[in-house]
Amino acid sequence: MRDGRCFEGGILKVDNFINHQMDPILMKSMAVEFVRRFASAQVDKVVTIEASGIAPAILVGYLLEIPVVFAKKKVPSTMENMLATKVYSFTKNREYDVCVSRDFLCEGDRVLFIDDFLANGNAAKGIMDLVNQAGAQLVGMGFLIEKSFQKGGDMLRAQGIHVESLAIIDSLDDCRITLRN
Ligand code: 5GP
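Keep in mind it's a predicted model, so treat the numbers as computed, not measured. (Residues numbered from 1 in each chain as written. Predicted model: local features only at pLDDT ≥ 70, side-chain atom pairs only at ≥ 80, totals over all residues. Heavy atoms only, no water.)

Engineer: Please explain a nonpolar patch on the surface as it appears in this structure.
Structural biologist: There is a patch of nonpolar side chains on the surface, built from Val32, Tyr62 and Leu63 and spanning about 300 Å² of accessible area. By the secondary structure assignment, Val32 is in helix 1 (residues 24-37). (Patch = residues over 30% accessible without salt bridge, like charges linked within 9 Å, V, L, I, M, F, W, Y side chains within 5 Å. Areas by Shrake-Rupley, 256 points an atom, 1.4 Å probe, with all protein chains shown as cover. Salt bridge = Lys/Arg side-chain N within 4 Å of Asp/Glu carboxyl O. Helix = DSSP H or I, 4+ residues; strand = E, 2+ residues; numbered from the N terminus.)

What follows is the structure, given as structure tokens:
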């Protein structure tokens, strides 16, 4: 509430503790909470998308002592066994390719997806596609901030996915942040 800033079009800027400067103590607390909420999920790999998901994802992986894989937004010429999908970016208003190597997202992996924001769920859909292509299993999705006035959360929960969001924002109307209690 103190540090978030609203922008036109339902965008929240949290650049002083998540998206630019990062608060590692808060990040660790958030990772501890994800570990608690997904305790029964038997996760064996954390997956995120570069760049802002990496910090919370790596802390979750550190606590669980399991590998963390980030899907890449630029296709490297050197990537082997590539799986790819397209994701529409809400904040950048364009589509981009997201890829991951089959060497690191493997058949049978029990995947927990971690990201900074859940808005319309396009990044989440892209990860579901990659997980399916790999023959892995998605066991949950954790977000630092969910904007409930966009449709991603409903869409994912309607599919039976275990979604956990640490802060839920019900409205950014009139550039005022309304947090769910
Ligand atoms: P979605 O794919 O769910 O539509 O949007 C989620 C992605 O878009 C996140 O990975 C995040 O990078 C970005 N995003 C969506 N909404 C916001 C927002 O309000 N603020 C910031 N900083 N990023 C957002």
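On we go.
Engineer: Any chance you could explain helix 1 here in plain terms?
Structural biologist: Note on helix geometry: an α-helix contains 3.6 residues per turn, so any two residues three or four positions apart are oriented the same way. Under the 1.5 Å per step criterion, the end-to-end length of helix 1 is 20 Å for 14 residues, consistent within 8% with the ideal 20 Å. What helix 1 keeps buried is the set Met27, Met30, Ala31 and Phe34. Viewed end-on, helix 1 has its buried residues packed into an arc of 100 degrees, placing them on one side of the element. For helix 1, exposure combined with an orientation more than 90 degrees from the buried face picks out Ile25 and Arg36. In this fold, the buried residues of helix 1 make contact with helix 2 (54-64), strand 7 (110-118), strand 8 (137-147) and strand 9 (163-171). The N-cap of helix 1, judged by a side-chain oxygen 3.0 Å from the amide nitrogen of Ile25 a few residues on, is Asp23. (Expected span 1.5 Å × (residues − 1). Buried < 20%, exposed > 50% of the residue type's maximum accessible area, 1.4 Å probe, protein only. Arc of directions from axis to C-beta. Contact = heavy atoms within 4.5 Å. Polar contact = N/O pair within 3.5 Å; in protein donor to acceptor, adjacent residues only side chain to side chain.)

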